[in-house]
Amino acid sequence: MNWILYTHLIAAMAWIGGSIFMFALGILLRDKEKQQAVYPVVGPIFGYFELASLFVLLISGTWIAYNTGVLTPLLDGNHSKIIDILRTKLWIVLVIVIATIAHFYIAFKTNTTQRSKLENLVSRGSSLLIFFLNLVVVYYAILIRTIIT
Ligand code: HEM
């Protein structure tokens, strides 16, 4: 059981670490020429890395929930403090997944072409949303741990 939690934590570090790094890159790399040199190369590698981390997070998280017996009450609509917090965490995860799909769709579609204003807005908005929601998800994950122990 511990190795699943371990896998979940490593994937969370990779996923959140990646999003913090790209957030920093977005702020620090302002030069248009450098952006055009860096993003088309780093973008797809980062994209697959992040998609793999998110996939591992979803699988391992579901596995932990199943093994700890919280998956069934979660789906049955039961209410207890821990189930309610986990449910809130999962709603936020769902928003993250949707924002990720939107972000990646635009990223791959426009990797080597010019973006429209709307595409820019959705791309930047979704990455900002993912960045902040990740911090909230970790807050809820720690809250669950505090109740368990
Ligand atoms: C963006 C996606 C996710 C992130 C960043 C994330 C993050 C984390 C972190 C950091 C922990 C460790 C908390 C601790 O031990 O203090 C954790 C635990 C856990 N996560 Fe996730 N998680 C994600 C998705 C999911 C999903 C999709 C599920 C279930 C379907 C899930 C279920 C759980 C469960 C059951 C625990 C164990 C609670 C415990 O024993 O501490 N997570 N998660």
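Residues numbered from 1 in each chain as written. Predicted model: local features only at pLDDT ≥ 70, side-chain atom pairs only at ≥ 80, totals over all residues.

1. Looking at the overall build of the chain
In terms of regular secondary structure, the chain is built from 5 helices and 0 strands. Helices and strands appear in the chain in the N-to-C order α-α-α-α-α. Buried residues in the chain amount to 13% of all 149 residues. Taking all contacts inside the chain whose residues are at least 6 apart in sequence as the whole, residues at least 24 apart take part in 78%. (Helix = DSSP H or I, 4+ residues; strand = E, 2+ residues; numbered from the N terminus. Buried ≥ 20, exposed ≤ 12 C-beta atoms within 10 Å, placed from the backbone. Contact = placed C-beta atoms within 7 Å.)

2. Let's talk about the site of the ligand
Taken together, 23 residues lie around the ligand, and A12, G61, I64, A141 and R145 are the ones closest in. Counting only elements with at least two residues in the shell around the ligand, the list comes to α1 (2-28), α2 (32-67), α4 (81-109) and α5 (117-148). A total of 8 residues in the shell around the ligand trace back to one element, the largest contributor, which is α5. (Near = placed C-beta within 6 Å.)

3. Notes on the environment of I130
Note that I130 resides in helix α5. Under the C-beta neighbour-count criterion, I130 is labelled buried, with 24 such atoms within 10 Å. The spatial distance from the C-alpha of I130 to the C-alpha of N111 is 20 Å, given a sequence separation of 19 residues. For I130, the residues in contact, after removing those within four places along its chain, are S19, I96, A99, T100 and H103.

4. Observations concerning the packing of α1 against α5
Interaxial distance between α1 and α5 falls to 10 Å at its minimum, and their mutual angle equals 140 degrees. As judged from the angle between their axes, α1 and α5 are oblique. α5 is crossed by α1, and the crossing has left-handed handedness. In this structure, α1 uses I16, S19, M22 and F23 to contact α5, whose residues at the interface are S127, I130, F131, N134 and V138. Residue composition of the contact of α1 with α5, by class: 6 nonpolar, 3 polar and no charged. (Axes fitted to C-alpha atoms, helices over the stretch in contact; angles between N-to-C directions. Parallel < 35°, antiparallel > 145°, perpendicular 65-115°, else oblique. Left-handed = near helix turned anticlockwise from the far one by under 90°. Nonpolar A, V, L, I, M, F, W, Y, C, P; charged D, E, K, R; others polar.)

5. Some remarks on the nonpolar core
If you look at the biggest cluster of nonpolar residues, it comprises 5 residues: A11, A12, W15, L54 and L57. Mapped onto this core, the elements with two or more residues apiece are α1 and α2. Discounting chain neighbours no more than four positions away, the residues touching W15 are E50, S53, L54 and L57. (Core = buried A, V, L, I, M, F, W, Y, C linked by C-beta atoms within 7 Å.)

6. So, the packing of α1 against α2
Closest axis-to-axis distance for the α1/α2 pair is 8 Å, and the angle between their directions is 145 degrees. Handedness of the α1/α2 crossing: left-handed. Residues I4, L5, T7, H8, A11, A12, A14, W15, G18 and M22 of α1 form the contact with α2, whose participating residues are F46, F49, E50, S53, L54, V56, L57, S60, G61, W63, I64 and N67. Residues of the contact of α1 with α2, tallied by class, amount to 14 nonpolar, 7 polar and 1 charged.

7. Here's the deal with the confidence of the model for the chain
Averaged over all residues, the pLDDT of the chain equals 92, while 99% of them reach at least 70. Mean pLDDT in the chain bottoms out at helix α3 (residues 71-76), which sits at 92, and peaks at α4, which reaches 94. (pLDDT = per-residue confidence, 0-100.)

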